[in-house]
Amino acid sequence: GLNTGGMGAVSPVPFADESFLSKVEDRIIRPTVEGLKKDGIAYVGFIFIGLIKVGDDPFVIEYNVRMGDPETEVVLPRVKTDLVDLFAAVADKKLGGFELELDERSATTVVLVSGGYPEAYEKGKEIHGLEEVMDSLVFHAGTQVKDGKILTSGGRVLAITSFGEDFQEALKTSYRN
């Protein structure tokens, strides 16, 4: 179907075992970094690599110079380390000795969209129930406040992120909320 830009995400990816991650590092990450060096590009920042698994092999779908959405909504909540310290380590070129601490739990996010998305979609619909959300983070994307009400104003409206001991537990909480 049409490209929706992603309707949800899971972190860590359940099928990304040691063997698969080794292939990602050897076939994609290292050649990418080596290519930047070879071309004399002193890149500083995020490189988001969108992957697909075909059989047991990873393939690149896209590169972005920013974090991807909705993946960011499951990755950043798992980062326990202060992001300012991480950014300072990047700026000071001390990332090699930096300790990144991650929450061991799984996180999921579910994207809520307006009717008709990704083509012509409805706007101005009032959103109810946000005050009842428990044990989840609510990320606003296509919302606006008008006359004290929260209304839809975009196609991708909200992302609901939850934690769990595994992704199924986290997903249940995201869907409940």
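Report on the accompanying structure. Please read these numbers as outputs of a predicted model, since none were measured by experiment.

Take the side chain of Ser162 next. Mapping Ser162 onto the fold places it in strand 8 (residues 156–164). A distance of 2.6 Å separates a polar atom in the side chain of Ser162 from a polar atom in the side chain of Ser136. Not counting chain neighbours up to four residues away, the residues in contact with Ser162 comprise Ser106, Ala107, Thr108, Asp135, Ser136, Ala170, Thr173 and Ser174.

Right, let's get into the environment of Leu151. Following the sequence through the fold, Leu151 ends up in strand 7 (residues 149–152). Residue Leu151 is classed as buried on the basis of its relative accessible area, which comes to 11%. Each C-alpha atom of the pair Leu151 and Lys123 lies 7.5 Å from the other, and the pair is 28 residues apart in sequence. Not counting residues up to four positions away in its chain, the partners in contact with Leu151 are Gly124, Lys125, Glu126, Ile127, Gly142, Thr143, Gln144 and Lys146.

For strand 2 (residues 48–54) and strand 3 (residues 57–64), the ladder comprises seven bridges, and the chain directions are antiparallel. Residue pairing for strand 3: Ile49 is matched across the bridge by Tyr63.

We now examine the packing of aromatic side chains. Centre-to-centre distance and the angle between the planes together describe a pair of aromatic rings. One pass over the structure, following the stated rule, counts three aromatic pairs. Relative to Phe87, the ring of Phe46 has its centre 6.3 Å away and its plane inclined at 90 degrees; by these criteria the two rings are edge-to-face. Highlighted residues: Phe46 in the loop between helix 1 (18–38) and strand 2 and Phe87 in helix 3 (residues 83–91), separated in sequence by 41 residues. Relative accessible area serves as the criterion here: at 37%, Phe46 is assigned to the partly exposed category. With a relative accessible area of 43%, Phe87 lands in the partly exposed category. When the centroid spacing of 6.4 Å and the interplanar angle of 55 degrees are considered together, the rings of Tyr117 and Tyr121 count as tilted.

Our focus in this paragraph is unusual backbone geometry. Along the chain, Ser11 connects to Pro12 via a cis peptide bond; the corresponding omega equals -5 degrees. The residue Pro12 is located in the loop between strand 1 (8–11) and helix 1 in this model. In the Ramachandran plot, Asp135 falls in the positive-phi region, its phi being about 65 degrees despite a non-glycine side chain. You can see Asp135 is positioned in the loop between strand 4 (106–113) and strand 5 (136–140). Residue class for Asp135 comes out exposed when judged on its relative accessible area of 63%. At Asp147, a residue that is not glycine, the phi angle is positive and equals roughly 55 degrees. Along the chain, Asp147 turns up in the loop between strand 6 (143–146) and strand 7.

Cut-off values and rules
- Residues numbered from 1 in each chain as written.
- Predicted model: local features only at pLDDT ≥ 70, side-chain atom pairs only at ≥ 80, totals over all residues.
- Heavy atoms only, no water.
- Helix = DSSP H or I, 4+ residues; strand = E, 2+ residues; numbered from the N terminus.
- Polar contact = N/O pair within 3.5 Å; in protein donor to acceptor, adjacent residues only side chain to side chain.
- Contact = heavy atoms within 4.5 Å.
- Buried < 20%, exposed > 50% of the residue type's maximum accessible area, 1.4 Å probe, protein only.
- Pairing = 2+ DSSP bridges.
- Phe/Tyr/Trp six-rings, centres within 6.5 Å; stacked < 30°, edge-to-face > 60°.

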